[in-house]
Amino acid sequence: MKVSKNRICTISLLVFFLIISTGHVLIQIFCILFFGIGMTILKGIDRNKNFNIFYIFLILISLSQLFLIYKSDYSFNFILNTMLITLMWFLAYLAHNFIANSVKLITIGSIEKTLNIFFSLNVFLVIVEYIAVCFQAESIFPFGVERFGMSTGDYLKGFFVNSSVNMVIMAFFATYYFFEKSSIKTTISLIVMMLTTYMSGIILALLVLVIFVFFMFNFKNKIKIVFAIIVGIYVFSIISPENIDYVKQVLTEKINSKTDPARKIVSFEQTASNFFSSPSSFLFGEGGGKFSSRTAYLTGGEYVSWYPKHLVYRGEKFENNHFQLWNNKALSIAFRDGTANQPFSFYNKIIGEYGLLGILLFLVYLSYFLKKMRYLTYGKLILPLMLAFFLLDYWFEYFTVILFFELFMLLDIKKNKQFADLNPGEKIKNYRA
């Protein structure tokens, strides 16, 4: 029996997401190389100039550091750091090409079925994880058990490397299902989001949602959604009051504190200060992996335990800035490892490591979605959600979040563009169906 290309690509997309979501670095690399190269052989390089400019230029800029032999810290460790950040961007580009071409090759219905299958499997896994936590806590309500408390959500990762990734991607699913008028799946997505207790992500999502609702919906729907948000916050305050207290403390004490401010805020101040510190830093930044990125922390020696000590490399600007905010000494103080104290942010990365050039490249990346705004439905909310979530981590170096983001955005564009191209009679038939 002959299997269609659409079916093969659909299965590949599902398997790709199931594997890539594990977060294991070596598995991710193998997965991206296998599926990315396979797709490139099958379909070639996607010709979207916005994405090509963004990814290829960042690869070349990062790789160019190999030729900076005049630098005082140029060494094998410097070269390895450079190769790792270049590899990261290369893998990100390869993975993007797989997603972009998958959206072109696979029918809309098949992509939507793939998303539904992944969503169902992830929710099932979260349920299993919750039951496991209940057994450990000897309670059907582990959020109220002292041993777990506000950390219960950390165990509800689903397929992903941590609960924060699960929360972000469930926010995308909630938006997608809301616009697709699937109230049950929207509700389930929101419940999983809240159960992760990734408070920074949840607060940002609610803030973006409130702003979006204010501008995009009529008065009647505004009232409904705002009421639902209030009820949700109230229920969450009953489920996990410690997390609500943590948010209150960060929003009141930490942000305004002169003696012990949130280190996330300090990291943005350091990035801004460095950005204007010299013409070179302003125009080009400190170089990939040399100021603020997952790669910088990885080769910095204290972010993971498995990185060889003899290969440790820290750029001077990284050593004097963000490394001081997140190292063994800073983390030795209890309860200092929350998101409010994490200097991780894509904006710190793109500005601190690539300067004005990096900002312009990122605007080129975003401009594709802005140009296609007339074809977006749920994408109009997913885009600002992603821009808000960029405050929280180096998502391009996690791969998973960006790949789901691009899939949802490209699927939305494809679906609505196809509908826009139909003649009036076909539109009516399509709408009734």
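Scroll up for the structure.
Caption draft 1: Summary view of the side chain of Lys-290. With respect to the helices and strands, Lys-290 occurs in the loop between helix 12 (279–284) and helix 13 (294–300). Despite its burial, Lys-290 pairs with no opposite charge, the nearest such side chain being Asp-73 at 7.5 Å. Only 2.7 Å separates the side chain of Lys-290 from the side chain of Asn-81, close enough to count as a polar contact. When neighbours within four sequence positions are excluded, Lys-290 is seen to be in contact with Gln-65, Phe-78, Asn-81, Thr-82, Tyr-313, Gly-315, Lys-317, Phe-318 and Glu-353.

Caption draft 2: Representation of the environment of Met-88 within the structure. For Met-88, the location among the structural elements is in helix 4 (residues 76–105). Given a relative accessible area of 6%, Met-88 falls into the buried group. Separated by 311 residues in the primary sequence, Met-88 and Phe-399 have C-alpha atoms spaced 9.1 Å apart. Not counting the four nearest positions on each side in its chain, Met-88 is found in contact with Lys-349, Phe-396, Glu-397 and Phe-399.

Caption draft 3: Focus on the packing of helix 6 (residues 163–179) against helix 17 (residues 379–389). One can describe the packing of helix 6 onto helix 17 by two numbers: an axis separation of 10 Å at closest approach and a directional angle of 165 degrees. In terms of axis orientation, helix 6 runs roughly antiparallel to helix 17. Here helix 6 runs over helix 17; the crossing is right-handed. Taken together, the residues of helix 17 that come into contact with helix 6 (itself represented by Met-167, Val-168, Ala-171, Phe-172, Thr-175 and Phe-179) are Leu-381, Ile-382, Leu-385, Met-386 and Phe-389. Of the residues assigned to the contact of helix 6 with helix 17, the class counts are ten nonpolar, one polar and no charged.

Caption draft 4: Structural context of helix 11 (residues 263–275). Taking 1.5 Å of rise per residue, the 13 residues of helix 11 would be expected to cover 18 Å, and the 18 Å separating its terminal C-alpha atoms lies within 8% of that figure. For helix 11, the complete set of buried residues consists of Arg-263, Lys-264, Val-266, Ser-267, Gln-270, Thr-271, Asn-274 and Phe-275. On its buried face, helix 11 sits against helix 12, helix 14 (316–320), helix 15 (328–331) and helix 16 (346–371).

Caption draft 5: Fine view of the nonpolar core. Membership of the largest hydrophobic core comes to 101 residues, with the highest contact counts inside it found for Phe-16, Trp-89, Phe-172, Tyr-365, Phe-389 and Trp-395. Among the elements that take part in this core, helix 4 stands out by supplying twelve residues, more than any other. Once residues within four sequence positions are removed from consideration, Phe-172 is found in contact with Ile-382, Leu-385, Met-386, Phe-389, Val-401, Phe-404, Phe-405 and Phe-408. In this structure, Tyr-297, Phe-318, Trp-326 and Tyr-394 belong to the second largest nonpolar core, which totals seven residues.

Caption draft 6: How the structure looks around the environment of Lys-309. Along the polypeptide, Lys-309 turns up in the loop between helix 13 and helix 14. Here Gly-301 takes part through its backbone oxygen, which lies 3.0 Å from a polar atom of the side chain of Lys-309.

Caption draft 7: Representation of the pattern of salt bridges within the structure. Inspection of the entire model under this criterion finds eight salt bridges. Two residues, Glu-112 and Lys-415, come together in a salt bridge whose shortest N-O distance is 2.9 Å. Within this pair, whereas Glu-112 is found in helix 5 (residues 108–137), its partner Lys-415 is found in helix 18 (residues 400–420), the two being separated by 303 residues in sequence. On the accessibility criterion, Glu-112 (16% relative accessible area) is buried. For Lys-415, a relative accessible area of 27% gives the class partly exposed.

Caption draft 8: The packing of helix 8 (residues 199–216) against helix 17, seen in detail. Following both chains from N to C, one finds helix 8 and helix 17 inclined at 145 degrees, their axes separated by 10 Å at the closest point. As helix 8 packs across helix 17, the resulting crossing turns out to be right-handed. Of helix 17, the residues touching helix 8 (which contributes Gly-201, Leu-204, Ala-205, Val-208, Leu-209, Phe-212 and Met-216) are Lys-380, Leu-381, Pro-384, Leu-385, Ala-388 and Phe-389. Grouping the amino acids of the contact of helix 8 with helix 17 by side-chain chemistry returns eleven nonpolar, one polar and one charged.

Here is what the cut-offs are and how they apply
- Residues numbered from 1 in each chain as written.
- Predicted model: local features only at pLDDT ≥ 70, side-chain atom pairs only at ≥ 80, totals over all residues.
- Heavy atoms only, no water.
- Helix = DSSP H or I, 4+ residues; strand = E, 2+ residues; numbered from the N terminus.
- Buried < 20%, exposed > 50% of the residue type's maximum accessible area, 1.4 Å probe, protein only.
- Lys, Arg positive; Asp, Glu negative; His and termini not counted.
- Salt bridge = Lys/Arg side-chain N within 4 Å of Asp/Glu carboxyl O.
- Polar contact = N/O pair within 3.5 Å; in protein donor to acceptor, adjacent residues only side chain to side chain.
- Contact = heavy atoms within 4.5 Å.
- Axes fitted to C-alpha atoms, helices over the stretch in contact; angles between N-to-C directions.
- Parallel < 35°, antiparallel > 145°, perpendicular 65-115°, else oblique.
- Left-handed = near helix turned anticlockwise from the far one by under 90°.
- Nonpolar A, V, L, I, M, F, W, Y, C, P; charged D, E, K, R; others polar.
- Expected span 1.5 Å × (residues − 1).
- Core = buried A, V, L, I, M, F, W, Y, C linked by side-chain atoms within 4.5 Å.

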